[in-house]
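Residue-level structure breakdown
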Amino acid sequence: MKLAKTYSYLKKELQIIEKALGSVIQSEHPVLRNASTQLLKAGGKRIRPVFVLLTGKLGDFRMEEIKTIAVSLELIHMATLVHDDVIDDAELRRGKPTIKHQYDNRVAMYTGDYMLARALENITSIKMPEIHQCLSKALVDVCIGEVEQIKYKYNWEQNLRIYLRRIKRKTALLIATSCKLGAISAGLDASDVRKLYKYGYYIGMSYQIIDDILDFTSTEKQLGKPAGSDLRQGNITLPVLFAIKEPIFFQEIIHIFNHPNEITDEKINALIDMIKDSGAIEKSYQISNQYLQKALNIIKDIPDSVPKQTLENIAHYIGKRRF
Amino acid sequence: MIRLHNIMQELKEIQTLIKKQAHYHYLDKHIQAPNIDQGKLLLIYTLLTDCDIPKQKKEKYIMTTMLVQMALDTHDLVSNNDKNHSHIGVSLEQQLLVLAGDYYSSLYYLLLSNINDYEFIQILAEAIRKINEAKIKVYYQEFKNYEELLNLAKTIEASLYTHLAKYIGEPEIVSYIEEWILIYTLKNYQHGKKTIFDQIYVDLDAESFISYIEKNMEKPMIILREQGFQFIRQYHLLIKHSQSFIDQLSN
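These figures come from a predicted structure and were not determined experimentally. (Residues numbered from 1 in each chain as written. Chains lettered and ligands numbered in written order. Predicted model: local features only at pLDDT ≥ 70, side-chain atom pairs only at ≥ 80, totals over all residues. Heavy atoms only, no water.)

1. Observations concerning the overall build of chain A
Helices and strands together make up the secondary structure of chain A, namely 17 helices and 2 strands. Relative to the 2.2 N^0.38 estimate, which gives 20 Å for 323 residues, the radius of gyration of chain A is 20 Å and therefore close to what a compact globule would have. Projected onto its principal axes, the C-alpha coordinates of chain A cover approximately 55 × 50 × 35 Å. Burial analysis of chain A (323 residues in total) assigns 61% to the buried set. A separation threshold of at least 6 residues defines the contact pool for chain A, and within that pool the share at least 24 residues apart is 75%. Surface accessibility of chain A: about 13,100 Å² in total, with carbon and sulfur atoms responsible for 50%. (Helix = DSSP H or I, 4+ residues; strand = E, 2+ residues; numbered from the N terminus. Rg over C-alpha atoms; globule rule 2.2 N^0.38 Å. Buried < 20%, exposed > 50% of the residue type's maximum accessible area, 1.4 Å probe, protein only. Contact = heavy atoms within 4.5 Å. Areas by Shrake-Rupley, 256 points an atom, 1.4 Å probe, with all protein chains shown as cover.)

2. Some details on helix H2 (residues 11–24) of chain A
Residue and element names in this part refer to chain A. Taking 1.5 Å as the rise per residue, H2 with 14 residues should run 20 Å; its terminal C-alpha atoms sit 20 Å apart, in good agreement. Taken as a whole, H2 has its buried residues at Glu13, Leu14, Ile17, Ala20, Leu21, Gly22 and Val24. Residues of H2 that are buried make contact with helix H3 (30–41), helix H4 (47–56), helix H5 (63–88) and helix H7 (105–123). (Expected span 1.5 Å × (residues − 1).)

3. So, the nonpolar core
By size, the foremost hydrophobic cluster in this structure holds 191 residues, and its most contacted members are Val240 of chain A together with Tyr108 of chain B. If we ignore the near neighbours within four places in the chain, the residues touching valine 240 of chain A are Trp156, Phe216, Leu231, Phe249, Ile253 and Ile275 of chain A. (Core = buried A, V, L, I, M, F, W, Y, C linked by side-chain atoms within 4.5 Å.)

4. Points about the packing of aromatic side chains
Describing an aromatic ring pair means giving the distance of the ring centres and the angle of the ring planes. Going through the model one piece at a time under the given rule, you end up with 14 aromatic pairs over all chains. A centroid spacing of 6.0 Å and a plane angle of 75° characterise the contact between phenylalanine 51 of chain A and tyrosine 199 of chain A, whose relative ring orientation is edge-to-face. With phenylalanine 51 of chain A in helix H4 and tyrosine 199 of chain A in helix H10 (residues 190–217), this residue pair connects regions lying 148 residues apart in the sequence. Of the two residues, phenylalanine 51 of chain A and tyrosine 199 of chain A, both sit in the buried class. Ring-pair connections join several aromatic residues into one group, and the members of that group are Tyr110 of chain A together with Tyr139 and Tyr140 of chain B. Between lysine 57 of chain A and the ring centre of phenylalanine 61 of chain A, over which it is positioned, the NZ or CZ distance is 4.3 Å. Over the ring of tyrosine 197 of chain A we find lysine 180 of chain A, and its NZ or CZ is 5.4 Å from the ring centre. (Phe/Tyr/Trp six-rings, centres within 6.5 Å; stacked < 30°, edge-to-face > 60°. Lys NZ or Arg CZ within 6 Å of the ring centre and 35° of its normal.)

5. Examining the interface of chain A and chain B
The partner chain B presents 46 residues to the 48 residues of chain A that form the contact. In total, chain A and chain B occlude about 4,400 Å² of area from one another, counting both sides; carbon and sulfur atoms represent 65% of this. For the pair chain A and chain B, the interface holds 1 salt bridge. The salt bridge involving arginine 129 of chain B is made with glutamate 121 of chain A; its shortest N-O contact spans 2.7 Å. Our enumeration of links across chain A and chain B arrives at 21 residue pairs in polar contact (both at pLDDT 80 or more). Mapped onto the side of chain A that touches chain B, the elements with two or more residues apiece are H3, H5, H7 and helix H8 (129–151) of chain A. No other element matches the 15 residues that H8 of chain A contributes to the side of chain A that touches chain B. Counted by class, the side of chain A that touches chain B contains 25 nonpolar, 10 polar and 13 charged residues. (Buried area = accessible area lost by both parts, 1.4 Å probe. Salt bridge = Lys/Arg side-chain N within 4 Å of Asp/Glu carboxyl O. Polar contact = N/O pair within 3.5 Å; in protein donor to acceptor, adjacent residues only side chain to side chain. Nonpolar A, V, L, I, M, F, W, Y, C, P; charged D, E, K, R; others polar.)

6. Notes on the packing of helix H14 (residues 247–257) of chain A against helix H15 (residues 265–277) of chain A
Residues and elements named next belong to chain A. With their axes 11 Å apart at the nearest point, H14 and H15 run at an angle of 160° to one another. The pairing of H14 with H15 is recorded here as roughly antiparallel in orientation. Between H14 and H15 the crossing geometry is left-handed. Listed contacts from H15 to Ile248, Phe249, Glu252, Ile253, Ile256 and Phe257 of H14 are Lys267, Ile268, Leu271, Met274 and Ile275. The residue makeup of the contact of H14 with H15, split by class, is 9 nonpolar, no polar and 2 charged. (Axes fitted to C-alpha atoms, helices over the stretch in contact; angles between N-to-C directions. Parallel < 35°, antiparallel > 145°, perpendicular 65-115°, else oblique. Left-handed = near helix turned anticlockwise from the far one by under 90°.)

7. Let's talk about empty space enclosed by the protein
This model, assessed by the stated rule, comprises 5 cavities of 30 Å³ or more. Considered as a void within the structure, the largest cavity measures approximately 110 Å³ in volume. For the largest cavity, the lining is made up of 13 residues, of which Ala79, Thr80, Leu116 and Cys143 of chain A together with Asp102 of chain B are closest to its centre. Examining the composition of the lining of the largest cavity, we find that 5 residues originate from one element, H5 of chain A, more than from any other. For the lining of the largest cavity, the per-class residue count stands at 7 nonpolar, 3 polar and 3 charged. (1 Å grid on protein atoms, 1.4 Å probe; cavity = no way out; pocket = protein on both sides within 12 Å on 5 of 7 lines; lining within 4 Å. Points joined across faces, edges and corners; volume = space filled by probe spheres on them.)

Shape descriptors only; they carry no functional weight alone.
Written out as structure tokens, the structure is:
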């Protein structure tokens, strides 16, 4: 089953959000307009808008406000992707050329800045202090997370805590924020808002861990980029952290990355095979499942409803996601 | 002289606050500390001097506008040149310049969110949008003559300050701000400092451009001198002392 099937009844609302996204990025300049639209059309799961919609439906649902929040969150996410591709020198994203690759760094920088500006112009039409305080704090933390990711690149001796803090900032915070903003808009009480924020956080952690697993277990076609891309770039993810406990793997990875000019696809593929054989993938799934369990537990007291059921289904789906 | 001393002291304090706010140990360790444009800091300070808003809010407006300026300036330092790649990808400095710019932008949003000033968040975001639209026009050489180029430069360099001026109810000084910033930018260009004109990657005939600048700087200078508002006179006074002023601020 595809993830989108779990929330297929949101199709109409998601279309409205998609249309709004398209219209918000209609820059006066064709290059900015085309670059932003290209990124938008490359797709993506729109998981943040989905969480805003679902949590927004748990209370007093106001589509206009929800649309504004969802559009801004997605634009912020997209702006960070455009800049990430400059940082990673990435040629492909979701199998399509990146803005950085199709145009250049300068255009990618302008496009990212433009999209972030549009996100803030858009969200400030909502005058709710909690919304802005939560989103701005998340945005600062996301930026810090990106810096920390670079700080710990090629650091083979980092521990699990550092990895978890990094993926929290990188992924989980924006998903948690999506859930919280939807819940605030719906007028839910503080306790439920907190629970939904935590639900989003746990889901985000699990989601990123599985993404990190799939970087080793999926094919280039499924990923839209070569397998093991994270490892090539020195990003040490959970499977590597587990595998590195094996002295043979530790020595091998140090040996390979000590000679960065000689890194080949064959050597990376050999490392991927060693990771798969080490049991690291299974251990990573276990950690991911623990987060999913926490996500399910935290919302169990929220009154039953279709959107709540969907939140649970998403947690179940993420646990089974294999590409 | 006493007033000038007080202004300088206040600006030093604001500058320290901005640096403290923008500080992040790993960024500061690996990239050059972001430049707080002294001329623009003076400009915004002057703009807000006689404005009827609480001191704390003024301080936030100065800090956030300067953080946005720093964000934009930092992103302009990101190279288009593949030579900045190290053997394992993009150099650390380049990567951190991208992130530092994003970080300063996010701080502006955070600071203004904390005082619930959504309107000013929107005002600065609108300025950022317009600046990026103008920057891309300069980058793609979409100007027919120097006049058009200078108009784009005005948008790029002055939008943050003209938007602030309109927001605080001083729309009549917008054109003066634009002229002032243009002169300031052109002077920086003449003195070899990095400006928007460095973004132009095809040959800009430097000699004819500078001669055009020299000729065209006279007109806005005369306008500012003869018709200057209180704001401009005050700014002139500050600028007259600007070199020693900036030297002292930088120390």
